[in-house]
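# Close look at the chain arrangement
Each chain is listed here by its residues.
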Amino acid sequence: MPEVAVLGAGSWGTTFAKVLADGGADTVLWARRPEAAREIDESRRNTRYLPGITLPASLHATSDIRAALEGASQVYLAVPSQQLRPMLREHGDAIEPDAPVVSLMKGVEAGTGLRMSELIAQELGIDAGRIAVVSGPNLALEIAQEQPTAAVVSSVSAMTARDVAKRARNDYFHSFINTDVIGTEFGGVLKNLVALAIGIVDGVGHGENTKASIITRGLAELTDFAVAHGAERETLRGLAGLGDLIATCGSPLSRNFTAGRLLGMGYSRTDVVARMEQVAEGLASVDPVAQLAEAKGVRMPILEQVRLVLDGAMDPRDIAPHLTTDDEPIEE
Ligand SMILES: NC(=O)C1=CN([C@@H]2O[C@H](COP(=O)(O)OP(=O)(O)OC[C@H]3O[C@@H](n4cnc5c(N)ncnc54)[C@H](O)[C@@H]3O)[C@@H](O)[C@H]2O)C=CC1
Ligand SMILES: O=C(CO)COP(=O)(O)O
């Protein structure tokens with residue numbers, strides 16, 4: 001029986017399963033499609049999501065989710081955020097009673113605005129101390145190529161965070177820990193929205209000054225939002241905030257950056273969704289995050305302008321959330 005199970009065999013689930021297996025954990029990866037499980041198990045490849053990567057022989061894959069969960073003492077979740085609730089509803093009862101449940105996801109649920117750790121607690125009816133989240137500058141393909149990378153594991157239980165971090169490490173991947181789940185999760189969710197904005201201005205043809213201005217204001221914007229929801233300011237200066245902003249906004253590997261770039265080039269939201277072969281979580285997070293911001297009275301000009309572009313109500317060439325129409329200069 002496996003020590004750890006990873007549910008979701010897309011780019012991040014497969015990469016994280018490799019991280020765990022390379023760290024010495026007996027790991028099983030659940031893929032929804034039997035042919036994907038077979039390819040991983042038999043040829044040590046996931047060509048659709050991780051071209052050119054050979055997976056460790058110690059990593060096993062199955063399309064039988066209940067077999068994957070049986071005996072697993074830690075469970076890692078890596079499906080698109082909007083798919084998590086139905087999956088847990090159907091199969092959550094197969095998770096072992098004391099196993100920590102770890103979200104690798106960076107989205108909020110549309111409709112409820114719940115963070116993934118909140119959704120897990122609600123759907124499985126388990127204590128928050130059994131739940132952890134992993135976040136940070138973690139572009140999957142770079143990690144699958146074993147480029148040295150750090151992340152942060154967060155849980156309200158320092159013991160759970162430590163247990164997970166001890167598993168989720170190897171000679172190219174290091175996990176730090178914290179207990180600020182709100183800040184860690186919102187960092188991952190909100191950097192996707194800033195990356196959409198950066199993609200848009202890149203698609204329009206603007207250069208580094210515009211991007212650096214938006215990234216810097218983005219850090220302030222996401223920090224204000226997260227703190228208003230109970231996060232610690234420091235967390236957003238760490239790997240899950242600033243770190244992930246730098247990685248995601250600077251890389252064509254980012255799906256959110258890519259989706260933004262297509263918007264900036266003039267494609268509509270519908271065209272962009274149709275062209276994306278992997279999930280760009282920011283697209284589904286825009287509306288729920290806007291509602292959460294409104295509920296706390298937080299101003300989010302970057303989010304608002306990305307939303308206008310997505311809705312077709314603003315020409316991408318006009319996006320400039322760092323310019324203000326206020327008569328008086330405002331504090332940075
Ligand atoms: N790819 C990356 O670099 C990183 C991704 N993440 C997060 O990880 C989460 C998963 O993203 P990726 O693996 O990148 O997405 P992906 O688009 O590469 O793969 C998604 C996987 O989920 C599967 N899936 C879709 N609907 C499903 C359903 N109803 N039930 C079960 N499986 C389903 C797909 O078949 C696919 O295997 C997202 O929240 C993302 O933000 C976090 C850090 C890095
Ligand atoms: O979260 C990520 C990097 O840390 C991946 O970003 P994208 O989902 O935009 O590809």
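The notes below deal with the structure included here. None of these values were measured; they are calculated from a predicted model. (Residues numbered from 1 in each chain as written. Chains lettered and ligands numbered in written order. Predicted model: local features only at pLDDT ≥ 70, side-chain atom pairs only at ≥ 80, totals over all residues. Heavy atoms only, no water.)

### Observations concerning the site of ligand 1
Ligand 1 sits among 22 residues. The nearest are S11, A140, R255, V279 and E281. The separation between an oxygen atom of ligand 1 and a polar main-chain atom of W12 is 2.9 Å. Bound to the protein, ligand 1 loses 88% of the 820 Å² it would expose on its own. Sorting elements by how many residues they give to the shell around ligand 1 places helix α1 (residues 11-22) first, with 3 residues. Classifying every residue of the shell around ligand 1 by side-chain character gives 12 nonpolar, 6 polar and 4 charged. Residues from two domains meet in the shell around ligand 1; each of domain 1 (4-179) and domain 2 (182-318) gives at least three. (Near = heavy atom within 4 Å. Polar contact = N/O pair within 3.5 Å; in protein donor to acceptor, adjacent residues only side chain to side chain. Areas by Shrake-Rupley, 256 points an atom, 1.4 Å probe, with all protein chains shown as cover. Helix = DSSP H or I, 4+ residues; strand = E, 2+ residues; numbered from the N terminus. Nonpolar A, V, L, I, M, F, W, Y, C, P; charged D, E, K, R; others polar. Domains from an automatic or database assignment.)

### Some thoughts on the nonpolar core
If you look at soluble globular proteins, the nonpolar side chains tend to sit buried side by side. Counting 43 residues, the largest nonpolar core has L190, F225, V289, M300 and V306 as the members making the most contacts within it. Every element with two or more residues in this core is listed here: α8 (181-204), α9 (208-228), α11 (239-249), α12 (255-264), α14 (282-296) and α15 (301-310). With 11 residues, the single largest contributor to this core is α8. Those residues in contact with F225, other than ones at most four positions away along the chain, are F186, L190, V289, L292, A293, V298 and M300. The next biggest cluster of nonpolar side chains, apart from the first, holds 38 residues, and it includes L20, L29, L50 and V102. (Core = buried A, V, L, I, M, F, W, Y, C linked by side-chain atoms within 4.5 Å. Buried < 20%, exposed > 50% of the residue type's maximum accessible area, 1.4 Å probe, protein only. Contact = heavy atoms within 4.5 Å.)

### A few points about the site of ligand 2
Around ligand 2, the neighbouring residues are K106, G136, P137, N138, L139, K191, D244, T248, L253, S254, R255 and N256. Residue D244 places a side-chain N or O atom 2.6 Å away from an oxygen atom belonging to ligand 2. Summarising the interface, the protein chains cover 93% of the accessible area of ligand 2, which totals 310 Å² for the free molecule. Counting only elements with at least two residues in the shell around ligand 2, the list comes to α11 and α12. Split by residue class, the shell around ligand 2 holds 3 nonpolar, 5 polar and 4 charged. In this structure, the shell around ligand 2 is formed jointly by two domains, domain 1 (4-179) and domain 2 (182-318), each of which donates at least three residues.

### Remarks on the pattern of salt bridges
A complete count under the given rule lists 21 salt bridges for this structure. In this structure, D315 engages R317 in a salt bridge whose closest nitrogen and oxygen atoms are separated by 2.8 Å. Taking relative accessible area as the criterion, D315 reaches 30% and is therefore assigned partly exposed. The network of salt bridges with shared partners includes R85, R89, E109 and E123. (Salt bridge = Lys/Arg side-chain N within 4 Å of Asp/Glu carboxyl O.)

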